[in-house]
Amino acid sequence: MESLEVKNLTHHFGFTEILQNINFTLKKGEVLSVVGPSGGGKTTLLHLCAGLLDVEEGSIQNSFKSTAFAFQEGRLLPWKNVIDNIAVGLLAKGEKKDKALKKSQKIALKFGLEEEDFEKYPKDLSGGMKQRVNFARALVTKPSLLFLDEPFSALDIGLKKELYAHLLDSCKENEMSILFITHDLMEAIRLSDKVLLLKADPGHIVKTFEYDTPNDKREENFIYEQSAKILQDKEIIDTFELNTLELT
Amino acid sequence: MKFLFKILKDFPAYLWSGWGAMASTLLFIAFWDLGNQVYGNLVLPSPLETFKTLYTMLQDKDVWEQIDITLYRASVGFGLSMLFGSILGLIAGFFATASMMSRPIVTILVGMPPIAWIVLAMIWFGMGDETVIFTVVVASFPIVFVGALQGTRTLDGDLKEMAESFDFPWHMKFFDVYFPHIFSYIFPAWVSGLGMAWKIVIMAELLATSDGMGAELAIARSQLDTPTALALVTIMITSLMFIEYIILEPIKREVELWRA
Ligand SMILES: Nc1ncnc2c1ncn2[C@@H]1O[C@H](COP(=O)(O)OP(=O)(O)OP(=O)(O)O)[C@@H](O)[C@H]1O
Ligand SMILES: [Mg+2]
């Protein structure tokens, strides 16, 4: 069984402790999200899990066959157009060029990009378009584990909905596991089996929320109810410092 | 191949954009003619006289031979600089120690006046091809070297990480991630290196050889033959303009379409 196991993970940048004693397991087919305040170390945690940063203390065991990463800031190749950018992941896996381009075009359309955008260079794309290209580049490779760093943050609600559905589809189709970061609690509740709450300074997990209803069967009502509930949670109020707002 | 085709396809539009350049050239010639009317034929021959001299010169096989000699020296010198400047610059860029070590050397090479190199080269190599080629290399090598070094040093770490996360094979890392970035630095460096080579070759020939266009220029000077001198200058400038605007600039445009 493929899985990602994080045990007693602690990480420093220089002398500041960014992450402290993180433990969790991500099993095959599971969707796990990490929520927490900005600057709390979420991206760092994801980079460590993906092997982009070296583990200093603790251990990370990743037995998933293939992984792909959608970055928070796009990281598109400025000298390649939309389709070529999406195709790089496939090409790196050894896919034939024309096949890779076909698949890329298909997913680009699904991601709400239009044919007239296909030839554009990243400099001529909007922020949300870059984000979609970045996301599509990762998803099109059909990894068994997908890392997503705030993949929906710059999208409008219509697009978000479409992409949620699309993501859940391909999740089911390929038995894909997802580890993703978001600032949107509702989004976390909608998509994930488990939500990790990461508190800052230094980043540590204070609570795990679990949702048993399969994520493709969640009604809007369920999501609203759970969101309302989670916003009353003491740890959530504490972590996001929601109470100070009311006092002032 | 697709690339070459695109360059050719966009070429007419590029030429069309050259009207402005044409207008300013004609304006320059008009001022030149004005200068001739003010200062007289000996100091500044008229454009017409210069072009006539140029025309008769270009009928002369000997003049073409001189041009050939100069071209040969410039291209060997520039070719060497381009080759070694690029390779050594890349190496220096990839290794932090090498780039630190190379800095003072580059400063010396850039800071030393070419005329001093010519004097040294004349002592070391005597009067001939080697002296000229050596000076050209010494002058244009550091330009190319610095370009390659800068290109390599400024590679985007985030993109490297992205390439890593997708397990790019080495050839994709090189051609899709490193090369386009480095090339956008190295290519302009080649262009300025070439300009430098062309200037230095004339200067070195004027001082250190008895053939080539620089030497012709020296002869024209000693005979106070201003029309010939100006005709020679015209050849030098037009050939440089041809290389720069007709060959290099269109390539640069296509290569850098992605730039903001
Ligand atoms: N390469 C680095 N070197 C030094 N410090 C870093 C580095 N990367 C991140 N940090 C620091 O680590 C902390 C956590 O950063 P991280 O990017 O993981 O936050 P985040 O939770 O993803 O925030 P956001 O939600 O705003 O994206 C920040 O204080 C940041 O300054
Ligand atoms: Mg982040």
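Source: prediction; values computed, not measured.

## Let's talk about the interface of chain B and chain A
Okay, step 1: With 19 residues of chain B at the interface, the matching set in chain A holds 22 residues.
Okay, step 2: Of all residues in chain B, Glu161, Phe166 and Trp258 of chain B bury the most surface against chain A, accounting for 37% of the area lost on that side.
Okay, step 3: Taken together, chain B and chain A are joined by three salt bridges.
Okay, step 4: With its nearest N and O atoms 3.6 Å apart, the salt bridge here joins Asp158 of chain B to Arg75 of chain A.
Okay, step 5: Joining chain B to chain A, the criterion identifies four residue pairs in polar contact (both at pLDDT 80 or more).
Okay, step 6: Mapped onto the side of chain B that touches chain A, the elements with two or more residues apiece are helix H8 (157-165) and helix H9 (170-208) of chain B.
Okay, step 7: Sorting elements by how many residues they give to the side of chain B that touches chain A places H8 of chain B first, with six residues.
Okay, step 8: The residue makeup of the side of chain B that touches chain A, split by class, is eleven nonpolar, two polar and six charged.

## Remarks on the pattern of salt bridges
Okay, step 1: Evaluation of the coordinates by the stated rule reveals 22 salt bridges over all chains.
Okay, step 2: One salt bridge in this structure joins Asp184 of chain A and Lys160 of chain A, with 3.9 Å as the shortest N-O distance. Of this pair, Asp184 of chain A sits in the loop between strand E7 (177-181) and helix H6 (185-191) while Lys160 of chain A sits in helix H5 (residues 157-174); the two residues are 24 residues apart in sequence, bridging distant segments of the chain.
Okay, step 3: Given the relative accessible area of 28%, Asp184 of chain A is considered partly exposed.
Okay, step 4: Here Asp238 of chain A and Lys199 of chain A are joined by a salt bridge, their closest N and O atoms 3.5 Å apart. With Asp238 of chain A in helix H8 (residues 234-239) and Lys199 of chain A in strand E8 (residues 194-199), this pair connects stretches of sequence that are 39 residues apart.
Okay, step 5: Residue Lys199 of chain A is classed as partly exposed on the basis of its relative accessible area of 24%.
Okay, step 6: Beyond isolated ion pairs, a larger network of salt bridges with shared partners links Glu73 and Arg75 of chain A together with Asp158 and Glu161 of chain B.

## Focus on the sheet that holds strand E3 (residues 31-35) of chain A
Residues and elements named next belong to chain A.
Okay, step 1: Strand order in the open sheet formed by six strands is E5-E6-E7-E3-E8-E9, and the pairing between neighbours is mixed. Looking at which strands have only one partner, the edges of the open sheet turn out to be strand E5 (67-70) and strand E9 (204-210). Across the sheet, the mean angle from the axis of one strand to that of its neighbour is 15°, orientation sign disregarded.
Okay, step 2: As paired elements, E5 and strand E6 (residues 145-149) share four bridges and run parallel to each other. Looking at the pairing, Phe69 lines up with Phe147 of E6.

## Thoughts on the environment of Ser46 of chain B
Okay, step 1: Tracing the chain through its elements places Ser46 of chain B in the loop between helix H2 (19-39) and helix H3 (47-59).
Okay, step 2: Look at Ser46 of chain B and you get buried, because its relative accessible area is 13%.

## Here's the deal with the packing of aromatic side chains
Aromatic ring pairs are defined here through the distance separating the ring centres and the angle between the ring planes.
Okay, step 1: Evaluated as defined, the whole model comprises 23 aromatic pairs over all chains.
Okay, step 2: Three or more aromatic residues joined by ring pairs make a cluster, and in this case those are Phe174, Phe175, Phe179, Phe183, Phe187 and Trp190 of chain B.

## Observations concerning a negative patch on the surface
Okay, step 1: The grouping of Asp60, Asp62, Glu65 and Asp68 of chain B at the surface amounts to a negative patch.
Okay, step 2: With respect to the helices and strands, Asp62 of chain B occurs in helix H4 (residues 61-94).

## Let's talk about the coordination of the magnesium ion (ligand 2)
All names here are of chain A.
Okay, step 1: On the protein side, the magnesium ion (ligand 2) has Thr43 (OG1) and Gln72 (OE1) as donor atoms, found 1.8 to 2.2 Å from it. With Thr43 in helix H1 (residues 42-49) and Gln72 in the loop between E5 and helix H2 (82-92), the pair connects residues that are 29 residues apart, well separated along the chain.
Okay, step 2: The exposure class of Gln72 is partly exposed, given its relative accessible area of 36%.

## Side note on the pairing of E8 of chain A
Residue and element names in this part refer to chain A.
Okay, step 1: A large share of E8 lies buried, amounting to five of its six residues.
Okay, step 2: Both E3 and E8 contribute to a ladder of four bridges, which runs parallel. Each bridged residue has a counterpart across the sheet, and for Val34 the counterpart in E8 is Leu196.
Okay, step 3: Here E8 pairs with E9 via six bridges, running antiparallel. In the strand pairing of E9, Lys194 is matched with Glu210.

## Things to note about the sheet that holds strand E4 (residues 57-62) of chain A
All names here are of chain A.
Okay, step 1: Strand order across the open sheet formed by three strands is E2-E1-E4, with antiparallel pairing between neighbours. Two strands close off the open sheet at either side, each with one partner strand: strand E2 (16-27) and E4. Going across the sheet, the axis of each strand differs from the next one's by a mean of 20°, ignoring polarity.
Okay, step 2: Summarising the sheet, strand E1 (residues 3-13) and E4 pair through five bridges and their orientation is antiparallel. Across the sheet, the residue bridging to Val6 is Ile60, located in E4.

Thresholds, definitions, all that
- Residues numbered from 1 in each chain as written.
- Chains lettered and ligands numbered in written order.
- Predicted model: local features only at pLDDT ≥ 70, side-chain atom pairs only at ≥ 80, totals over all residues.
- Heavy atoms only, no water.
- Contact = heavy atoms within 4.5 Å.
- Buried area = accessible area lost by both parts, 1.4 Å probe.
- Salt bridge = Lys/Arg side-chain N within 4 Å of Asp/Glu carboxyl O.
- Polar contact = N/O pair within 3.5 Å; in protein donor to acceptor, adjacent residues only side chain to side chain.
- Helix = DSSP H or I, 4+ residues; strand = E, 2+ residues; numbered from the N terminus.
- Nonpolar A, V, L, I, M, F, W, Y, C, P; charged D, E, K, R; others polar.
- Buried < 20%, exposed > 50% of the residue type's maximum accessible area, 1.4 Å probe, protein only.
- Pairing = 2+ DSSP bridges.
- Axes fitted to C-alpha atoms, helices over the stretch in contact; angles between N-to-C directions.
- Phe/Tyr/Trp six-rings, centres within 6.5 Å; stacked < 30°, edge-to-face > 60°.
- Patch = residues over 30% accessible without salt bridge, like charges linked within 9 Å, V, L, I, M, F, W, Y side chains within 5 Å.
- Areas by Shrake-Rupley, 256 points an atom, 1.4 Å probe, with all protein chains shown as cover.
- Lys, Arg positive; Asp, Glu negative; His and termini not counted.
- Charge placed at Lys NZ, Arg CZ, Asp CG, Glu CD.
- Donors = N, O, S within 2.8 Å, 3.2 Å for Na, K, Ca; no water.

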